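Observations on chain architecture
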Amino acid sequence: MRKDELRQQMRQIKRQYNQQQLEELSLPVVARLRERLKNVQTVVAYYSLPDEVNTHYLIDDLVAGHKTVLLPKVIDDETMELRRYNGRQNLKEGVLHLLEPDGEPFTDYSRIDIMLVPGLAFDAAGHRLGRGRGYYDRFLSSLITYHSSFVTSIGVCFDFQKVPEVPTDVHDVPVDEVI
């Protein structure tokens, strides 16, 4: 199956669920994430879209627990930066109409323990199908190559997004775990 076909298939499957059902399906995933993140200090997360595992309460709880939470901010067609998340009050609509933190860029990548990565589909080998713009692949590649090979990347998805095989290209960067 080609990437565009798998993207379309995943979008069709997601449309079968209403918002309340997706919220309910998020609960066990978030519970596993809470357990996985309890002993880390600095987490790169993402402020979920309506069709993704809901990370909103999780990241608020992490901040309340005195953890450093970083969220991506899209700068242009190629670049994503990290910004510290201090609460919903510091979120602004970004260039792709996503809610992103304002403030100064975070560049001390050696402090990052775990990076949560969204996706449309994941396989058991950690291959990830994103939305097709390549932001996470470029960022993960840069993080691994230039900053730290010790950051654990975790793909976050609903169980129905786990597939036998995700088609890959040479520039695709797999995640270390899938939850």
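So, here's what we can say about the structure. (Residues numbered from 1 in each chain as written. Predicted model: local features only at pLDDT ≥ 70, side-chain atom pairs only at ≥ 80, totals over all residues. Heavy atoms only, no water.)

**Thoughts on the sheet that holds strand β3 (residues 80-84)**
Here is the rule: Strands are labelled as partners when DSSP assigns at least two bridges between them. A helix here means a DSSP run of H or I that spans at least four residues, while a strand means a run of E at least two residues long, and both kinds are numbered starting from the N terminus. In this description, contact between two residues means that some pair of their heavy atoms is separated by no more than 4.5 Å. A fitted line through C-alpha atoms serves as each axis, taken over the contacting stretch for helices, and the angle formed by two N-to-C directions is quoted from 0 to 180°.
Pairing is mixed in the open sheet, where 7 strands are placed in the order β6-β3-β2-β1-β7-β10-β11. Since the sheet does not close on itself, it has two edges, and those belong to β6 (105-106) and β11 (177-178), each with one partner. Where strand β7 (residues 114-118) meets strand β10 (residues 152-156), 5 bridges bridge the pair, whose relative direction is parallel. Across the sheet, L116 pairs through a bridge with I154, a residue of β10. Together, β1 (42-44), β7, β10 and β11 form the strand contacts of helix α2 (residues 19-37), whose direction differs from that of β10 by roughly 170°.

**Looking at helix α3 (residues 56-64)**
What counts, and what does not: Relative accessible area decides the class of each residue, using a 1.4 Å probe on protein chains only: under 20% of the type maximum gives buried, over 50% gives exposed, and in between gives partly exposed.
What α3 keeps buried is the set H56, L58, I59 and L62. Of the surrounding elements, those touching the buried residues of α3 are α2, β2 (68-74) and β7. Where α3 ends, the next residue or the one after it, H66, has phi of about 65°, a positive value.

**Here we look at the nonpolar core**
Note the following rule: Definition of nonpolar core: a set of buried residues of the types Ala, Val, Leu, Ile, Met, Phe, Trp, Tyr and Cys, connected through side-chain atoms within 4.5 Å.
Core analysis: the largest hydrophobic core is formed by 53 residues, its most contacted members being L33, L37, L71, L82, I112, M115 and L116. Aside from chain neighbours lying at most four places away, what touches L71 is A45, Y46, Y47, I59, E81, L82, R83, Y85, L91 and P101.

**Focus on unusual backbone geometry**
Excluding glycine, most residues fall at negative phi; most peptide bonds, likewise, are trans. Located in the positive-phi region is H66, a residue other than glycine, with phi close to 65°. Relative to the helices and strands, H66 resides in the loop between α3 and β2. The exposed category is assigned to H66, whose relative accessible area is 67%.

**A word on the pattern of salt bridges**
Note the cut-off: By convention in these notes, a salt bridge is any Lys or Arg side-chain nitrogen within 4 Å of a carboxyl oxygen on Asp or Glu.
Per the stated rule, a full pass over the model turns up 17 salt bridges. Taking the shortest distance from any N to any O, the salt bridge between E35 and K38 comes out at 2.8 Å. Residue K38 is classed as partly exposed on the basis of its relative accessible area, which comes to 47%. Within this structure, K14, D51, E52 and R131 form a network of salt bridges that share partners.

**Some remarks on the packing of α2 against α3**
Applied cut-off: These descriptions rest on fixed angle ranges, namely under 35 degrees for roughly parallel, over 145 for roughly antiparallel, 65 to 115 for roughly perpendicular, and the rest for oblique. Crossings are sorted by hand: turned counterclockwise from the far helix by less than a right angle, the near helix makes the crossing left-handed, and turned clockwise it makes it right-handed. Lys, Arg, Asp and Glu make up the charged group, whereas Ala, Val, Leu, Ile, Met, Phe, Trp, Tyr, Cys and Pro make up the nonpolar group; the residues left over, Gly among them, are polar.
Close contact between α2 and α3 brings their axes to 10 Å; oriented N to C, the two are set at 25°. Between α2 and α3, the interaxial angle falls into the category roughly parallel. Of the two elements, α2 crosses α3, and the hand of that crossing is right-handed. Touching V30, L33, R34 and L37 of α2 are Y57, L58, D61 and L62, all from α3. Taken together, the residues of the contact of α2 with α3 break down into 6 nonpolar, no polar and 2 charged.

**Observations concerning the packing of aromatic side chains**
Heads up, the rule is: In this scheme Phe, Tyr and Trp rings, the latter by its six-membered ring, pair at centre separations within 6.5 Å, and the angle between planes marks the pair as stacked below 30 degrees, edge-to-face above 60, and tilted otherwise. Each ring is checked for a lysine NZ or an arginine CZ that lies within 6 Å of its centre and within 35 degrees of its normal; such an atom marks a charge sitting over the ring.
Evaluation of the coordinates by the stated rule reveals 4 aromatic pairs. A centroid spacing of 4.8 Å and a plane angle of 10° characterise the contact between Y17 and F160, whose relative ring orientation is stacked. A residue pair is termed long-range when its members are at least 10 positions apart, and Y17 in the loop between α1 (3-15) and α2 and F160 in the loop between β10 and β11 qualify at 143 residues. Measuring from ring centre to ring centre gives 6.4 Å for Y47 and Y85, while their planes differ by 35°; the resulting arrangement is tilted. Of this pair, Y47 sits in the loop between β1 and α3 while Y85 sits in the loop between β3 and β4 (91-93); the two residues are 38 residues apart in sequence, bridging distant segments of the chain. Both residues of the pair, Y47 and Y85, count as buried. Three or more aromatic residues joined by ring pairs form one cluster here, namely Y17, F158 and F160. In this structure, R88 packs its charged tip against the face of Y57, placed 5.2 Å from the ring centre. Stacked on the ring of Y135, the Lys or Arg R138 has its end atom at 5.2 Å from the ring centre.

These results come straight from atomic positions and should not be treated as a statement about function.
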